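Coordinates in review
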Amino acid sequence: MRTRKPIWLLLLFLALVACQTEPGPARQLADWEPDAPEAYSFADTPAPIPSPTGAAIPTLEPTPTAVTDLIIPTRVATAVPEGVYVRERDGLRFIYPTIWLVEAELDTLVIFRDPGFELVVTIDYDLADEYDSPDALRDDTLGEFTEGFELDDVETISEQDVTFASDTPAQRAIFHGTDENGQTFGFYLAYAFIDGRYFRLSAIGAPQNIEARLATLDAMVNQVTTDNSTLYGLNRDETLLLLSGDPFLASLDPARTTGSAAGYVGLLYSGLVRLTPDLQIVPDLAERWDVSEDGTVYTFTLREGLTFADGRTLTAYDVVYSWERATNPSIESRTAATYLGDIVGADERLAGRAPNISGLDVLDNRTLIVTLDGSKPYFLAKLTYPTSYIVDRRQVANSDLEEWALEPNASGPYDLLEYREGEVMIFERNPNYHTPPAVANVLYFLDFVEPLSLFQSGTVDQIFLGSLDAQDVRLPSDPLNAQHVSGTSMCTTLVQMNNSLPPFDDVQVRRAFALAVDKDAYNTIIADGLDVRADTILPPAMPGYSLTLAQAQADVHANAALAQAALAASSYADALPPVILSVGGSSSQERDDLNAMIQNWREILGADVTIEYVPPSNFTNSLQQNESHMAVYGWCADYPDPQNFLDILYHSESDFNVANFNDPEIDALLEQARVELDVAARLALYQTIETRLLEDAVAIPLLHSVTDVLVSDRVEGYVLAPIGANFVPYVSLNSDAGEGE
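Please read these numbers as outputs of a predicted model, since none were measured by experiment. (Residues numbered from 1 in each chain as written. Predicted model: local features only at pLDDT ≥ 70, side-chain atom pairs only at ≥ 80, totals over all residues. Heavy atoms only, no water.)

1. Quick word on the overall build of the chain
A count of helical and extended segments in the chain gives 22 helices and 33 strands. Scored against the burial criterion, the 741 residues of the chain give a buried share of 54%. For the chain, long-range pairs separated by at least 24 residues make up 69% of all intrachain contacts whose partners lie at least 6 apart in sequence. A total accessible area of about 29900 Å² is found for the chain, and carbon and sulfur atoms account for 49% of it. (Helix = DSSP H or I, 4+ residues; strand = E, 2+ residues; numbered from the N terminus. Buried < 20%, exposed > 50% of the residue type's maximum accessible area, 1.4 Å probe, protein only. Contact = heavy atoms within 4.5 Å. Areas by Shrake-Rupley, 256 points an atom, 1.4 Å probe, with all protein chains shown as cover.)

Have a look at this one:
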């Protein structure tokens, strides 16, 4: 059992402090005060009207309060206004006086302040796993109230049964409590169990104000309804429920995004090929392709009848437009050179020396010939990255990103139905996609605090776990273990070293720094020991990974004597200059992991290392411009080929060579591996390159991250991808499966 702390009580206390300092007299307002709760019903109250399919996404304008979209307009015929609170994620609805102010909203809780009667009202609707009965909920709540307000004496004024509008039995109690200063508080509590969840409405204020508002509070309880069969107007049985964050506009543009196909862009857009979660390169918009004997010419045949979401025909000309747009210097794509740079003429286009990519030739609407500057066995894998995805030239040409990013004419399996900033992002199946996915809708909650609670309550279908929760869930005895999926990702966290700056221009200094780091301690601090210690640059699942090399590196891990010997053999043995370590973030962050490494270097080598924080928003570019001695950098493969690690991170001309490492011999080997067609010979070349890189200590591999997720029983066909492949188009929903545990 994972006990949630009484956050409601803390927020309620803070709201009460803001509401009053001394209990005031009862207030009589001409506010919503029904004579009989039964006189009010949701049946004739206006409800939110969901956006119709294909409707324009509303303009994202600032709103006066965080709940503007949740308050329903007053009926014209009603003399005294009332409001309706609708939480569309779980179907909770209730009426409340519109003079009340929303103080806080969390995943399962909302706090109102009643300025007229100086009350604070909290409504909580959550999974009832912590309570085995309504009495347990009552006693726990009363205990939190007594302890939280440091009350010496609590008196039960009344307790009685009440009823929800749905005829669910509930209890209501009123308490008075006095603190050590003699101040008396009134406490209203109504509570019930509903289908494995609890409902709790509590109000705190002066006793006379609780009494004055009693009819209002009882009416609210009477009118509560819960129905989670629909969410934001969508059938829940047909909707996959996930968690994510608000998108940056650039992340919704295939040409500009630096994220993988696992993000929103992978739902909205498609390329010629796609990478499945089990790392298979499969046809997408292309039906098939042929490759010349020398591996330099690819002839793609597009599927017949392709269209964008609005029905406009999608042709080979749209592919050319999208690729030439991505390589247009004005777009300033960070990824185009890496993922499209193998095409003849792409470099000239990127440099602004050519209006087109000369290596692209359209034979007809369905046929595209692509000529490369050499045989590139990994070219198809590169095309699975969003940079090559197809946009509608009619929509984006001569338009600013702000005009179309949130109203895309999708080429992928889903279209964007609705976006509410800070709340939800909803995608609907694109019926014009060549192979419409099984799941009709995908809804991402954007405002969440406790992912595990949301999963347990059945509010979401998949979550990523932090290390503390992962430790519990990995145990076979844990009730969530059956829904746990785990795997080592194709990601490596490293310290990259700049071999052009003193003292790291001396290989012995680099070796000394590498040998001094205790990677196990780093893993414990950063991930509670749940990740895999990295002794190689390539992650274990990557083709070309060498267990022999990993073992050889592990044998000298955290060897203080060897580290000191290497420093003594260097040209800086007697005068090691200060060193700068660049990391993403801000100085306000406490980084125990970095402090531990710095302590290793200080104690073993006597090194003076200073952390320099760089903006995380454009981290790669910032690192390249900073020219620091070392940089902590994480890299996740975008496709399962060692070129995507070693070439992209260490070739001197790569956009992602953040440490500005430069070695002509390594460059030559990398260029040789690019064009080697024999698979075994090619992988052997990459193993040679990685061995050289580690012997020369150009990097300190720290860890390979392990991903832990929980997946609902109703999601079928889920595969945890070790890299950024989108699983959504490949799963289905079983409406007969139960909700979260």
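2. Let's talk about the confidence of the model for the chain
Mean pLDDT for the chain: 85, with 88% of residues reaching 70 or above. Contacts of residues 1-5 to residues separated by more than four positions or lying in other chains number 18 contacts, the stretch itself having pLDDT below 50. Predicted confidence for residues 18-81 stays below pLDDT 50, and this span has 118 contacts to residues more than four positions away or in other chains. (pLDDT = per-residue confidence, 0-100.)

3. As for the state of the cysteines
Under the counting rule described, the total for this entry stands at one disulfide. Residue C491 pairs covalently with C636 via a disulfide, S to S 1.9 Å. Around the S-S axis, the bridge from C491 to C636 shows a dihedral of about 110° and counts as right-handed. With C491 in strand β25 (residues 491-497) and C636 in strand β29 (residues 630-636), the pair connects residues that are 145 residues apart, well separated along the chain. According to the relative accessible area criterion, C491 is buried, its value standing at 13%. Taking the relative accessible area as the measure of exposure, C636 reaches 39% and is therefore partly exposed. (Disulfide = S-S within 2.5 Å.)

4. Observations concerning the nonpolar core
Ranked by internal contacts, the top residues of the largest apolar core, which has 41 residues, are I537, Y633, F645, L646, Y650, I689 and L693. Secondary-structure elements contributing two or more residues to this core are α19 (619-626), β29, α20 (643-650), α21 (664-675) and α22 (679-695). In contact with L693, other than residues within four places in its own chain, are I537, L646, Y650, F661, I666 and V698. L242, L268, V391 and Y444 belong to the second largest nonpolar core, which has 33 residues in total. (Core = buried A, V, L, I, M, F, W, Y, C linked by side-chain atoms within 4.5 Å.)

5. Quick look at the pairing of strand β20 (residues 414-420)
Of all seven residues in β20, seven are buried, a share of seventy percent or more. Once β20 ends, the chain turns through three residues before running back antiparallel as strand β21 (residues 424-429), passing G422 with a positive phi of about 75°. (Pairing = 2+ DSSP bridges.)

6. Considering a negative patch on the surface
Together, E147, E150, D152, D153, E155 and E180 line one region of the surface with negative charge. Per-element accounting of the negative patch gives the leading share, three residues, to strand β6 (residues 151-163). With respect to the helices and strands, D153 occurs in strand β6. (Patch = residues over 30% accessible without salt bridge, like charges linked within 9 Å, V, L, I, M, F, W, Y side chains within 5 Å. Salt bridge = Lys/Arg side-chain N within 4 Å of Asp/Glu carboxyl O. Lys, Arg positive; Asp, Glu negative; His and termini not counted. Charge placed at Lys NZ, Arg CZ, Asp CG, Glu CD.)

7. Description of empty space enclosed by the protein
Per the counting criterion, the structure on display carries five cavities of 30 Å³ or more. Its boundaries defined by the atoms lining it, the second largest cavity holds a volume of some 50 Å³. If you trace the second largest cavity, you find it lined by S260, A261, L275, T384, Y385, P386, D638, G724 and A725. Of the residues contributing to the lining of the second largest cavity, the split by class is five nonpolar, three polar and one charged. (1 Å grid on protein atoms, 1.4 Å probe; cavity = no way out; pocket = protein on both sides within 12 Å on 5 of 7 lines; lining within 4 Å. Points joined across faces, edges and corners; volume = space filled by probe spheres on them. Nonpolar A, V, L, I, M, F, W, Y, C, P; charged D, E, K, R; others polar.)

8. Re the environment of L340
Here L340 is to be found in helix α7 (residues 336-340). When the C-alpha positions of L340 and L372 are compared, they lie 9.6 Å apart, and in sequence the two are 32 residues distant.

9. Some remarks on the sheet that holds strand β19 (residues 367-371)
Pairing within the open sheet is antiparallel, and its four strands lie in the order β16-β17-β19-β18. Single-partner strands in this sheet number two, and they are β16 (286-291) and β18 (360-364). Neighbouring strand axes in the sheet, compared pairwise and without regard to direction, differ in orientation by 20° on average. The pairing of strand β17 (residues 297-302) with β19 spans five bridges and is antiparallel. Looking at β19, one finds that T299 is bridged to I369. Of the strands in this sheet, β17, β18 and β19 are in contact with helix α6 (residues 316-326), which crosses β18 at around 165°. (Axes fitted to C-alpha atoms, helices over the stretch in contact; angles between N-to-C directions.)

10. Observations regarding the packing of α20 against α21
One way to put it is that α20 packs onto α21 with a least axis distance of 10 Å and a crossing angle of 145°. In terms of crossing hand, the pair formed by α20 and α21 is left-handed. Counted together, L646, D647 and Y650 of α20 and I666, D667, L670 and R674 of α21 form the full contact between these two elements. Across the contact of α20 with α21, the residue classes tally to four nonpolar, no polar and three charged. (Left-handed = near helix turned anticlockwise from the far one by under 90°.)

11. Structural notes on the sheet that holds strand β13 (residues 239-243)
Across the sheet, which stays open at both edges, the four strands sit in the order β13-β22-β21-β20 with mixed pairing between neighbours. Of all the strands in the sheet, just β13 and β20 have a single pairing partner and so form its edges. Pairwise comparison of adjacent strand axes, ignoring direction, gives a mean angle of 20° for this sheet. With five bridges connecting them, β13 and strand β22 (residues 441-445) associate as parallel partners. Following the sheet pairing, L243 is matched in β22 by F445.

12. Things to note about the side chain of E418
Secondary-structure assignment places E418 in strand β20. Separated by 2.8 Å, the side chains of E418 and R420 make a polar contact. (Polar contact = N/O pair within 3.5 Å; in protein donor to acceptor, adjacent residues only side chain to side chain.)

13. Points about the pattern of salt bridges
All chains considered together, the criterion is met by 31 salt bridges. Across the salt bridge formed by K376 and D373, the nearest N and O atoms sit 2.7 Å from each other. Residue D373 is classed as partly exposed on the basis of its relative accessible area of 48%. For the salt bridge of R714 with D461, the shortest nitrogen-to-oxygen distance reads 2.7 Å. A residue pair is termed long-range when its members are at least 10 positions apart, and R714 in the loop between β31 (706-711) and β32 (715-716) and D461 in the loop between α12 (451-456) and β23 (462-464) qualify at 253 residues. Summarising the burial analysis for this pair, R714 and D461 share the class buried. Among the charged side chains, a salt-bridge network with shared partners connects D310, R312, D318, D392, R393 and R394.

14. Section: the packing of aromatic side chains
Two aromatic rings, taken as a pair, are described by how far apart their centres are and by the angle between their planes. Applying the stated criterion across every chain, the model contains 25 aromatic pairs. Ring geometry for Y298 and F300: centres 6.1 Å apart, planes at 15°, overall stacked. Every member of this aromatic cluster is reached through a ring pair, and the members are Y85, F94, Y96, W100 and F112. Directly above the ring of F656 sits R334, whose terminal nitrogen or CZ lies 5.9 Å from the centroid. (Phe/Tyr/Trp six-rings, centres within 6.5 Å; stacked < 30°, edge-to-face > 60°. Lys NZ or Arg CZ within 6 Å of the ring centre and 35° of its normal.)

15. Regarding helix α2 (residues 134-148)
Along its 15 residues, α2 runs 21 Å from first to last C-alpha, staying within 8% of the 21 Å computed at 1.5 Å per residue. Burial in α2 covers these residues: L137, R138, T141, L142, E144 and F145. Burial along α2 is one-sided: seen end-on, the buried residues are contained in an arc of 160°. Within two residues after α2, E150 carries a phi angle of roughly 50°, on the positive side. (Expected span 1.5 Å × (residues − 1). Arc of directions from axis to C-beta.)

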